[in-house]
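Letter by letter, the chains look like this.
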Amino acid sequence: MTVLTRWDPFRELNTLQDRMNRLFRDSFSPDTPEQALATSAFAPPVDVYEDEHNVTLKIEVPGIDEKDIDVRIENNTLTVHGERKFEKEEKEENFRRVERQYGSFTRSFTLPTAVDAEKVSANYDKGILKITLAKKAEAKPKQIKVNVGSEKTLEAKAASKAA
């Protein structure tokens, strides 16, 4: 007895995708589970906000020593580089699940033209790296006082001089 099966092209695509995922996962994954924990790249989350005087970045980097963080400005680009090292403890406990990410990271930000690259400060407190970029004086908003009635006074003086 012959059984006919209906052909489903989407099932074939899912199978192909699974095979490709397995190929890339096996090709680029580290050799041992310890290496997988130590080499997992991550990008810490960043909040960027701006007021009339500064542009401020707050980067979450808990568990990273301040000596392992490098902040640089080159060619109008702010680059933050750091590394969270996996601390291998020789205990008889076995990890059942590791969700924290380890390894090095690099975050780069193109600076707006309003930022003064000479006036940058970085602060590290409770796992938050706060970078404050001061704005240039010409980029800060200026309030211009509007004089009311000064044109009438000037016109009246000019008319009296003409007479």
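Predicted model, so just to flag it, every value in this text is computed and none were measured.

(A) Examining the overall build of the chain more closely. Counting secondary structure elements, the chain contains three helices and seven strands. Starting at the N terminus, the α and β elements of the chain follow one another as α-α-β-β-β-β-β-β-β-α. A burial count over the chain gives 17% of its 163 residues as buried. Considering only intrachain contacts with a sequence separation of at least 6, the fraction spanning at least 24 residues in the chain is 55%. Approximately 13800 Å² of the chain is accessible, and the part contributed by carbon and sulfur atoms is 49%.

(B) Representation of the side chain of Thr 56. Along the chain, Thr 56 falls in strand E2 (residues 54-60). With near-sequence residues (within four places) excluded, Thr 56 lies in contact with Asp 47, Val 48, Tyr 49, Lys 130, Ile 131 and Thr 132.

(C) Expanded view of the sheet that holds strand E7 (residues 128-135). One open sheet holds the four strands; their spatial order is E1-E2-E7-E6, and the pairing between them is antiparallel. The two strands at the open ends of the sheet, each matched to only one other strand, are strand E1 (46-50) and strand E6 (115-125). Strand-to-strand twist of the sheet, defined as the mean angle between neighbouring strand axes without regard to direction, takes the value 15°. In this sheet, E7 lies alongside E2 in antiparallel orientation, the contact comprising seven bridges. Across the sheet, Glu 60 pairs through a bridge with Ile 128, a residue of E7.

(D) Layout of the pairing of E7. A large share of E7 lies buried, amounting to six of its eight residues. Judged from the seven bridges that link them, E6 and E7 form a sheet pairing that is antiparallel. Note on E7: the bridge partner recorded for Asn 123 is Lys 130. Connecting E6 to the next strand, E7, in antiparallel fashion are two residues, including Lys 126 with a positive phi near 55°.

(E) A look at the sheet that holds strand E4 (residues 77-84). The strand order across the open sheet built from three strands is E3-E4-E5, with neighbouring strands paired in antiparallel fashion. What marks the edges here is a single partner per strand, and that holds for strand E3 (69-74) and strand E5 (103-110). Between one strand and the next, the sheet's axes are offset by a mean angle of 15°, whatever the strand orientation.

(F) Structural detail: the pattern of salt bridges. Scanning all chains against the criterion turns up three salt bridges. In this structure, the salt-bridge partner of Asp 65 is Lys 67, at a minimum N-O distance of 3.2 Å. Residue classification places Asp 65 among the partly exposed positions, given a relative accessible area of 41%.

Quick notes on the rules
- Residues numbered from 1 in each chain as written.
- Predicted model: local features only at pLDDT ≥ 70, side-chain atom pairs only at ≥ 80, totals over all residues.
- Heavy atoms only, no water.
- Helix = DSSP H or I, 4+ residues; strand = E, 2+ residues; numbered from the N terminus.
- Buried < 20%, exposed > 50% of the residue type's maximum accessible area, 1.4 Å probe, protein only.
- Contact = heavy atoms within 4.5 Å.
- Areas by Shrake-Rupley, 256 points an atom, 1.4 Å probe, with all protein chains shown as cover.
- Pairing = 2+ DSSP bridges.
- Axes fitted to C-alpha atoms, helices over the stretch in contact; angles between N-to-C directions.
- Salt bridge = Lys/Arg side-chain N within 4 Å of Asp/Glu carboxyl O.

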